[in-house]
Amino acid sequence: LLQYARPTLTEKDIPHRTKLTETIKSRAMTVVENIKERLAHIDSAVSMTFDSWTSIIGEPFFSVT
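Each value, and the rule that gives it
Residues numbered from 1 in each chain as written. Predicted model: local features only at pLDDT ≥ 70, side-chain atom pairs only at ≥ 80, totals over all residues. Heavy atoms only, no water. Helix = DSSP H or I, 4+ residues; strand = E, 2+ residues; numbered from the N terminus. Rg over C-alpha atoms; globule rule 2.2 N^0.38 Å. Areas by Shrake-Rupley, 256 points an atom, 1.4 Å probe, with all protein chains shown as cover. Lys, Arg positive; Asp, Glu negative; His and termini not counted. Charge placed at Lys NZ, Arg CZ, Asp CG, Glu CD. Phe/Tyr/Trp six-rings, centres within 6.5 Å; stacked < 30°, edge-to-face > 60°. Buried < 20%, exposed > 50% of the residue type's maximum accessible area, 1.4 Å probe, protein only. Salt bridge = Lys/Arg side-chain N within 4 Å of Asp/Glu carboxyl O.

**Topic: the overall build of the protein**
Here is step 1 of the chain: When helices and strands are tallied, the protein shows two helices and two strands.
Here is step 2 of the chain: The helix and strand sequence of the protein, counted from the amino end, reads α-α-β-β.
Here is step 3 of the chain: Over its C-alpha trace the protein gives a radius of gyration of 18 Å, far above what one expects of a compact globule, namely 11 Å for 65 residues.
Here is step 4 of the chain: The dimensions of the protein, computed from C-alpha atoms along their principal axes, are 55 × 35 × 15 Å.
Here is step 5 of the chain: Split by element, the accessible area of the protein, about 6,500 Å² in all, is 60% carbon and sulfur.
Here is step 6 of the chain: Distance between charge centroids for the protein: 8 Å, based on 8 positive and 8 negative side chains.

**Description of the packing of aromatic side chains**
How two aromatic rings sit relative to each other is set out by the distance from centre to centre and by the angle between their planes.
Here is step 1 of the chain: Within this structure, the stated rule accounts for two aromatic pairs.
Here is step 2 of the chain: With 5.4 Å between their ring centres and 10 degrees between their planes, W53 and F61 make a pair best called stacked.
Here is step 3 of the chain: F61 sits in the partly exposed class, given a relative accessible area of 37%.

**Thoughts on the pattern of salt bridges**
Here is step 1 of the chain: What the rule picks out here adds up to two salt bridges.
Here is step 2 of the chain: The partner of K19 in a salt bridge is E22, and the shortest N-O contact between them spans 3.6 Å. Residue K19 and its partner E22 are both found in helix 2 (residues 17-40); the two are separated by three residues, about one turn of the helix.
Here is step 3 of the chain: By relative accessible area, which is 44% here, K19 ends up partly exposed.
Here is step 4 of the chain: K36 serves as the salt-bridge partner of E33, at 3.8 Å between the closest nitrogen and oxygen. Of this pair, E33 and K36 are both found in helix 2, three residues apart, which corresponds to roughly one turn of the helix.
Here is step 5 of the chain: Judged by its relative accessible area of 36%, E33 is partly exposed.

This is the structure we're talking about:
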């Protein structure tokens, strides 16, 4: 699909799915650590909720409040 949209791309320009997964997980862990550091310095209680769902047509959603 990427090569169809941009014919100038070659195989080496497109990262492998395992590399993408690794990168996403690494960035997520960085964000989690950042949030933990910020919350550690708050003197009051913090509550968070998470929810995820899929629409009727299959679109994924994720909510953090």
